Amino acid sequence: MREVSGFYSKMKNLLFILNIAFTLVFLFVMSYSFSRLLREAITYFTGNTIIVITIYFLLFYLLYFLFIFVLKYIEGFVLENRIKQRKQKFQSWLRRLINKEIITFSFLLVGVQVIYFFLETSVNAWWVPMAVLSIIALNAWELLPNWVIPYYSRHKDLDNRQLQERLLGLTQRAGIRFSRILVYEDSRAKAVIFGFKNSMRLILSNAVLDYAFEEIEVLVAMEIAKLHKGYIWKKALIEAMGMFVTFFLVSFAFFPACEKFGMEFIFDVETLPVLLGVFFVVFTVVWFSLNYFKRDMDKENDVYTLRLSKAPEAFVSLIIRETQANIQKDRAIYFFEKMLCAETQVSQRLMLAQDYAQNMLFEDTHRK
């Protein structure tokens, strides 16, 4: 199983590298040769900016999809079938892929329309509203599934008295109090804490009720650690700063890059491949730095979780559960782990739990 996991991760990372390379090549070719021709062909039939951008991006996205289709086929069909032993048919896989791409295209089209609206109306300060909108969209994407959906889903009070007593004991050690402990229908968030001070509520996914009590305690301790350390607000602040820096640097480099490719008006949609290329490079560099701080915050949360739960074995068991559920994150290539992943490496989290267990054993021995 471990060898399969390692091979799967290496293949995913190799395909990821190829995907980046193919994308950069595509953007360069479009910027250098075909982007202006494509825009001119569209404007020959209509001068409406919204229609021109829509048709341009539709053709641009279709060309990109065809350009990297082989990689998507290898990753999503061949690799998934052989490693995860799935028996999906090509037609059903292709249909799901197309449906996914249509949804992705729809969201990106809105973003492209908004970007070029600000580029045309405020050519010097377009990056400010785009940074603000990106921050709002990023936080909504992360918080809505974890906070809003569980809160408004159908839920009921936890009826397991033993588990309830253990969780209440855990919260007392943390110096907080839950007014209610609820269970809701399964979703992406396994545990969520709502409210302030004496009105706080803990909502658990019904999927975690099959876990061992110690694992559930560790899971809740992780959420308490985020609350105690102000993780959510610190993370949102760091990402907001990152977005402002990213868009500022993109705006600074965008016009000179367009000049290099002979593009005079940056608010013309033919500059889209240049804009995407500059954004990709700047975003990668900025997020490389930001992820260092986010991984450091994750480590602080893990340390607090271990001290609060005093259950390193359950901590390790819970991490293994998460790793098996998301096998592609295991044993990632070091460069891409550091560059793009905001989460602490699984091996480092396991070593942290092992060190804590050894410290507990050492302290118990000296007490005796």
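Since we're looking at a predicted model, the values are computed, not measured.

Asks: Kindly report on the overall build of the protein chain, identifying the contributing residues and their values.
Replies: For the protein chain, the helix and strand inventory stands at 12 helices and four strands. The 368 residues of the protein chain split such that 43% are buried. Taking the intrachain contacts of the protein chain between residues at least 6 apart in sequence as the baseline, contacts between residues at least 24 apart amount to 71%. Carbon and sulfur atoms form 64% of the exposed surface of the protein chain, whose accessible area is close to 21,600 Å².

Asks: So, the packing of aromatic side chains: which residues are in play, and what are the values?
Replies: Scanning the entire structure with this criterion turns up 23 aromatic pairs. Ring geometry for Tyr44 versus Phe45: centroids 5.3 Å apart, planes at 90°, classification edge-to-face. A single burial state applies to Tyr44 and to Phe45, both of which are exposed. Taking the centre distance of 5.9 Å and the plane angle of 75° together, the rings of Tyr73 and Trp93 count as edge-to-face. Of the two residues, Tyr73 is situated in helix α3 (residues 69-83) and Trp93 in helix α4 (residues 90-121); the sequence distance between them amounts to 20 residues. When its relative accessible area of 30% is taken as the criterion, Tyr73 is described as partly exposed. The exposure class of Trp93 is buried, given its relative accessible area of 6%.

Asks: So, the nonpolar core: which residues are in play, and what are the values?
Replies: Among the nonpolar cores identified, the biggest contains 46 residues, and Tyr56, Phe57, Phe60, Tyr116, Trp126 and Phe254 are the most heavily contacted of them. When contributions to this core are tallied by element, the ones reaching two or more residues are α1 (2-43), α2 (49-67), α4, α5 (127-152), α8 (231-260) and α9 (272-309). For Trp126, the contacting residues outside a window of four places in its chain are Phe118, Leu119, Phe247, Val250, Ser251, Phe254 and Leu275. Ala221, Met222, Ala225 and Leu308 belong to the second-largest nonpolar core, a separate cluster that totals 33 residues.

Asks: Go over helix α7 (residues 213-229), please, and point to the residues and values.
Replies: Compared with an ideal rise of 1.5 Å per residue, which puts 17 residues at 24 Å, α7 spans 24 Å between its outermost C-alpha atoms and is within 8% of the ideal. Of all 17 residues making up α7, 12 are buried, and the element is well covered by its neighbours. Listed as buried for α7 are Phe213, Glu215, Ile216, Glu217, Val218, Leu219, Val220, Ala221, Met222, Glu223, Ile224 and Ala225. Gly230 lies just past α7 and shows a positive phi near 65°.

Asks: So, the pattern of salt bridges: which residues are in play, and what are the values?
Replies: Per the stated rule, a full pass over the model turns up eight salt bridges. Here Glu101 ties to Lys72 by a salt bridge, and the two come within 3.2 Å at their closest N and O atoms. Of this pair, Glu101 sits in helix α4 while Lys72 sits in helix α3, and the two are 29 residues apart along the sequence. Using a relative accessible area of 21% as the deciding quantity, one classes Lys72 as partly exposed. Through salt bridges with shared partners, a single network forms among Arg36, Arg39, Asp268 and Glu270.

Asks: Which residues make up the sheet that holds strand β1 (residues 155-157), and what values do they have?
Replies: Taken in spatial order, the four strands of this open sheet run β1-β2-β4-β3, and their pairing is mixed. Edge positions in the sheet fall to β1 and β3 (191-194), since each has one partner strand and no second. In this sheet, adjacent strand axes meet at a mean angle of 30° when their direction is disregarded. When β3 meets strand β4 (residues 201-205), the two strands line up antiparallel, connected through four bridges. Bridged to Phe194 within β4 is Arg201.

Asks: So what's going on with the packing of α2 against α9? Which residues, and what values?
Replies: Look at α2 against α9: their axes get within 12 Å of each other, and the N-to-C directions meet at 60°. Here α2 is positioned oblique relative to α9, judged by the angle of their axes. Only Leu272, Pro273 and Leu276 of α9 make contact with α2, whose side of the interface consists of Tyr56, Phe57 and Phe60. Looking at side-chain class alone, the contact of α2 with α9 contains six nonpolar, no polar and no charged residues.

Asks: Residue-level account of the packing of α2 against α4, with values.
Replies: Contact pair α2 / α4: the axes reach a minimum separation of 10 Å and the direction vectors enclose 140°. One element, α2, and the other, α4, form an angle in the oblique class. As α2 packs across α4, the resulting crossing turns out to be right-handed. Note on element contacts: α4 touches α2 through Leu97, Glu101, Thr104, Phe105, Leu108, Leu109, Val112, Gln113, Tyr116 and Glu120, opposite Thr49, Ile50, Ile53, Thr54, Phe57, Leu58, Tyr61 and Phe65. The residue inventory of the contact of α2 with α4, partitioned by class, reads 12 nonpolar, four polar and two charged.

Asks: Residues and numbers for helix α6 (residues 161-174), please.
Replies: The first and last C-alpha atoms of α6 sit 20 Å apart over 14 residues, in line with the 20 Å expected at 1.5 Å per residue. Among the structural elements, β2 (180-184), β4, α7 and α9 are those in contact with the buried residues of α6. Between the side-chain oxygen of the N-cap and the backbone nitrogen of Gln162 there are 3.2 Å, and the N-cap of α6 in question is Asn160. Gly175, located one to two residues past α6, shows a positive phi value of around 80°.

Asks: Which residues make up the environment of Phe118, and what are the values?
Replies: On the secondary structure map, Phe118 appears in helix α4. Taking the C-alpha atoms as reference points, Phe118 and Met130, 12 residues apart in sequence, are found 7.9 Å from one another. Not counting the four nearest positions on each side in its chain, Phe118 is found in contact with Val123, Trp126, Pro129, Met130 and Leu133.

What counts, and at which threshold
Residues numbered from 1 in each chain as written. Predicted model: local features only at pLDDT ≥ 70, side-chain atom pairs only at ≥ 80, totals over all residues. Heavy atoms only, no water. Helix = DSSP H or I, 4+ residues; strand = E, 2+ residues; numbered from the N terminus. Buried < 20%, exposed > 50% of the residue type's maximum accessible area, 1.4 Å probe, protein only. Contact = heavy atoms within 4.5 Å. Areas by Shrake-Rupley, 256 points an atom, 1.4 Å probe, with all protein chains shown as cover. Phe/Tyr/Trp six-rings, centres within 6.5 Å; stacked < 30°, edge-to-face > 60°. Core = buried A, V, L, I, M, F, W, Y, C linked by side-chain atoms within 4.5 Å. Expected span 1.5 Å × (residues − 1). Salt bridge = Lys/Arg side-chain N within 4 Å of Asp/Glu carboxyl O. Pairing = 2+ DSSP bridges. Axes fitted to C-alpha atoms, helices over the stretch in contact; angles between N-to-C directions. Parallel < 35°, antiparallel > 145°, perpendicular 65-115°, else oblique. Nonpolar A, V, L, I, M, F, W, Y, C, P; charged D, E, K, R; others polar. Left-handed = near helix turned anticlockwise from the far one by under 90°. Polar contact = N/O pair within 3.5 Å; in protein donor to acceptor, adjacent residues only side chain to side chain.

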